[in-house]
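# Summary of structural features
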Amino acid sequence: MAGVLRALLSASEKAANIARVCRQEEALFQLLIQEKTGADKNKKFIQDFKTLADVIIQEVVRHDVGKQFPELLHAIHGEESNTFENKLGGRVEVQVCSTETDTAALLCSVLDGNKEAAGLLAKTIHQEIELRDPAAERLELAIPTSSMGIWIDPIDSTSQYIKGRGDVEPEKGLYPSGLQSALVLIGVYDRGSGEPIMGVINQPFNQCDPGSLRWQGQYHWGVSYQGLSASSLARPAPPPHKELSVVLSSSETEEVKQALVPLCGRRMYRASGAGYKFLCVILGLVDAYVFSENTTFKWDSCAPHAILRSLGGGVADLASSLSHPHGGLPELQYHQPRDGVQGVERWANHGGLVAFLSEQSLKEILSALSGNVLQ
């Protein structure tokens, strides 16, 4: 178990390095953006994009984790396909080759012949990273890898990653947009029960050094399995104010916002990226993340869900919670696709969600939303 967690932490740090390297040269980066179409597209967006960094990161995580744990290779799933086409029509099926030279040659075809950039990226891909975390290494928990499945979101909040703004000012510690919301999410779930059991969140653009203008990242992890919980984070202290605070999507419905006003007052914040909104709850910046639409996916929620569970919280299916108020807590599950839909919609969180640290906060939010939302 500790070995899998160490592998995921190291893979997430390599992913963060790749995300930073790809953003170093703006003119080149703008070439490496592809619009998603058809079944791969998130219907929430008029235009939905992926970058070469998304595709590379997903393949690197699959390669590195699969190399250490071959039995997991077929159980690693992600948001992106491994095919990428740049704006000049260069097309490649991204893979980690056996040598750095071969990987550089492969990437050069979509880097407009830029051998220097291809070499730098290939060097980062093949770099050996061993991220040492004493707390993670001390974990003793026997979970058979044969029961694990993995969801990867290589760069959540791709739109903010593409825009590349590092000058956004936070509000109450929470960034409404900007590079800070671009996250690497790697979540592990139990293939039998669908429960999230392990999560790693890496934030490649946590802080920018004002002198060198280089970005420094940070990571968080959590494990929750059969009554045992462990995390790199301590559970946040309860807020001093009485009003609950929530983070919402800019696309949230007016009905939801109005229903939450008596409960939250002015403590309703906006932020980009599902993963970052989850992180705001994990860090105690807000009490909950509420989203009533069906445009988040298993790769968005698996990693943060596992961390929230390790801290005593969770992620509830909003529609099920409202329609069965006296039943057990219907948390999101990760092992079964939805019938009757195609493409990425098979893995959407169709009932919306509420991410929370305190069940009391969850109850108050559901009470505020009951009767006139999603009914």
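The following refers to the structure shown. Since we're looking at a predicted model, the values are computed, not measured. (Residues numbered from 1 in each chain as written. Predicted model: local features only at pLDDT ≥ 70, side-chain atom pairs only at ≥ 80, totals over all residues. Heavy atoms only, no water.)

### A word on the pattern of salt bridges
Tallied over the full model, the rule gives 10 salt bridges. With its nearest N and O atoms 3.0 Å apart, the salt bridge here joins arginine 165 to aspartate 167. The exposure class assigned to aspartate 167 is exposed, which follows from its relative accessible area of 51%. Residue glutamate 243 pairs with arginine 267 through a salt bridge whose shortest N-O separation is 3.7 Å. Here the residue glutamate 243 occupies a position in the loop between strand 10 (228-231) and strand 11 (246-248), and arginine 267 occupies one in the loop between helix 8 (254-264) and strand 12 (268-270), the gap between them amounting to 24 residues. (Salt bridge = Lys/Arg side-chain N within 4 Å of Asp/Glu carboxyl O. Buried < 20%, exposed > 50% of the residue type's maximum accessible area, 1.4 Å probe, protein only. Helix = DSSP H or I, 4+ residues; strand = E, 2+ residues; numbered from the N terminus.)

### What about unusual backbone geometry?
With a phi close to 55 degrees, lysine 172 is a non-glycine residue in the positive phi region. At leucine 213, a position not held by glycine, the phi torsion is positive, near 60 degrees. Residue classification places leucine 213 among the exposed residues on the basis of a relative accessible area of 60%.

### Side note on the sheet that holds strand 11
Ordered by their spatial adjacency, 5 strands build an open sheet running 12-11-13-15-14, and the pairing between neighbours is mixed. In the strand order of this sheet, the two ends are held by strand 12 and strand 14 (314-317), each with one partner. Taken over all neighbouring pairs, the strand axes of this sheet differ in orientation by 25 degrees on average, direction set aside. With 4 bridges connecting them, strand 14 and strand 15 (residues 353-356) associate as antiparallel partners. Directly across from valine 315, in strand 15, lies its bridge partner alanine 355. Set on the sheet, helix 9 (residues 274-282) makes contact with strand 11, strand 13 (288-291), strand 14 and strand 15; between it and strand 13 the angle comes to about 145 degrees. The strands that helix 10 (residues 298-310) touches are strand 14 and strand 15; relative to strand 14, the one it contacts most, it runs at about 120 degrees. (Pairing = 2+ DSSP bridges. Axes fitted to C-alpha atoms, helices over the stretch in contact; angles between N-to-C directions. Contact = heavy atoms within 4.5 Å.)

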